[in-house]
Amino acid sequence: MSALKNLACQFVVLTFFASTALSAEQVDEGPRNLDRAVTLYRQGNFVGALSIIRPLATSGDARAETYLAKMLLSGQGVQRDAPAGLALLRAAADQDYREAEFLLGAAYASGEPGLPVDYVEALKWLIIARAQDGLAYSMLRDQMGAENVATATARAARWREDTDRRKVQAALALGNKNEVSDHLTRLADEGLPAAQYELGLLYAAGVPDGIPSKKVPGLMDFLPNDRKAAELFLRAASLGYPPAQSRFGSILYEGRGVTADKAEAAKWFEKAAAQSEVSAMIALADMLAAGDGVRQDQGRAFTLYSHAAGKGDPAAMKALGESYASGKLTERDTKLAYMWLTLASQIYRKELVEVSAKEADLTRLGLVELMSQDEIDRAKNATDMCLSTHYQQCGASSLQ
């Protein structure tokens, strides 16, 4: 028997012991009647357990879904139905229930009807289940190449990001601001950087510390808490969350809730810009262009503006247009200036930022007086090409 076939056989035995251990860790979760069902299950009274577990699983309880899945996969008290069992495991795993995640990993490692053996996917689910210290993970990892382990790790990271994003979006969708704050606080305490960031925004706006208004009955007076907001942004930034890195950089630059430190702000902008966070690219470009808190580097500032403009940001487009108009960061080119300023104005107006749109228009109108009709026509054609290619073909070649 090959090493991998032997590994699959070992997983059948290992799954029972490991999933039992995970269940023991989570006995206090869920309603009390489900605890009773778990007791019956462990005593081998599958019919009695099923009568409690099935309706709870139908209502979406992750723990009940997991136990019903185990019964369906092994034929305990019910007719064996692997596809239905696997579907329940996925439903429970989508709620980030550890035992279901582990069992999915075991299922992919050992194989189930309709589920081919897939060791990369198996390792992914074991990572998601936070089982890297366990025997199951070690058995798989030792049989797989470094490239496959890296692929499984990347898949797990993407799944975690998507799941955390859904949790935060669900919290933000709650109608009551107090409920939103409470849910985000719980998620932030669990270590979700997106929740820490969103909660930081609420503290910056003063929502969690709001009090009934003394001036207008029925309304709230919001009390911004810059210190708390800065603390939350730093927590999320330290976990590598780009929006928080950019926001914390802004806080350091302005000295809100922390001591102002432009050099340190630039470091956080660098981290976020490296992950293509547009707001950080522009903030860092502004600092580099002016030599504000950092060594002046107009060439790099221009490059950062260009990257941000390529992602459709009007502030970067306006900065590029002004640069081409003045020749400050690059060679003067009235046609490219016209193009970028036109695009910036259009986007600003869609976003109802009328002041910035008028500023772009004013600079562009000043250029028109210096341009021939042919140059204006070529600039307009370049604008159309840049827009039609989603800002990817916007250089000198678009003016031909």
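This write-up is about the structure you can find in this document.

Cut-off values and rules
- Residues numbered from 1 in each chain as written.
- Predicted model: local features only at pLDDT ≥ 70, side-chain atom pairs only at ≥ 80, totals over all residues.
- Heavy atoms only, no water.
- Phe/Tyr/Trp six-rings, centres within 6.5 Å; stacked < 30°, edge-to-face > 60°.
- Helix = DSSP H or I, 4+ residues; strand = E, 2+ residues; numbered from the N terminus.
- Buried < 20%, exposed > 50% of the residue type's maximum accessible area, 1.4 Å probe, protein only.
- Lys NZ or Arg CZ within 6 Å of the ring centre and 35° of its normal.
- Salt bridge = Lys/Arg side-chain N within 4 Å of Asp/Glu carboxyl O.
- Disulfide = S-S within 2.5 Å.
- Expected span 1.5 Å × (residues − 1).
- Arc of directions from axis to C-beta.
- Contact = heavy atoms within 4.5 Å.

The final tally for this structure, using the stated rule, is seven aromatic pairs. Considering the side-chain rings of Phe248 and Trp268, the 5.7 Å spacing of their centres and the 85° angle between planes classify their relative orientation as edge-to-face. Note that Phe248 is positioned in helix α13 (residues 242-254) and Trp268 in helix α14 (residues 262-273), a separation of 20 residues in sequence. A relative accessible area of 6% means that Phe248 is categorised as buried. Owing to a relative accessible area of 10%, Trp268 belongs among the buried residues under this scheme. Every member of this aromatic cluster is reached through a ring pair, and the members are Tyr41, Phe46 and Tyr67. Sitting over the ring of Trp268, Lys271 keeps its end group 5.5 Å from the ring centre.

Quick look at the pattern of salt bridges now. For the structure shown, the criterion picks out 20 salt bridges. The salt bridge partner of Glu231 is Arg227, with a shortest N-O separation of 3.5 Å. Taken together, the residues Glu231 and Arg227, both in helix α12 (residues 226-238) and four residues apart, mark about one turn of the helix. Salt bridges sharing common partners tie together Arg349, Glu354, Asp361 and Arg364.

A word on the state of the cysteines. Considering all chains together, one arrives at one disulfide under this definition. Between Cys386 and Cys394 runs a disulfide, and the two sulfur atoms are separated by 1.9 Å. An S-S torsion of about 80° defines the bridge between Cys386 and Cys394 as right-handed. Accessibility classification places Cys386 together with Cys394 in one group, the buried group.

In this fold, Ala283 is placed in helix α15 (residues 278-290). A relative accessible area of 18% places Ala283 in the buried class. A sequence separation of 21 residues divides Ala283 from Leu304, and the C-alpha atoms of the two residues are 9.4 Å apart.

With that settled, consider helix α16 (residues 298-310). Counted at 1.5 Å a residue, the expected span for α16 with its 13 residues is 18 Å, and the 18 Å between its end C-alpha atoms agrees. By the burial criterion, the buried members of α16 are Ala301, Phe302, Leu304, Tyr305, Ala308 and Ala309. The buried residues of α16 occupy an angular sector of 165° when the element is viewed end-on, so they sit on one face. The elements touched by buried residues of α16 are α15, α17 (314-326) and α18 (334-350). Of the residues trailing α16, Gly312 is marked for its positive phi of about 85°.

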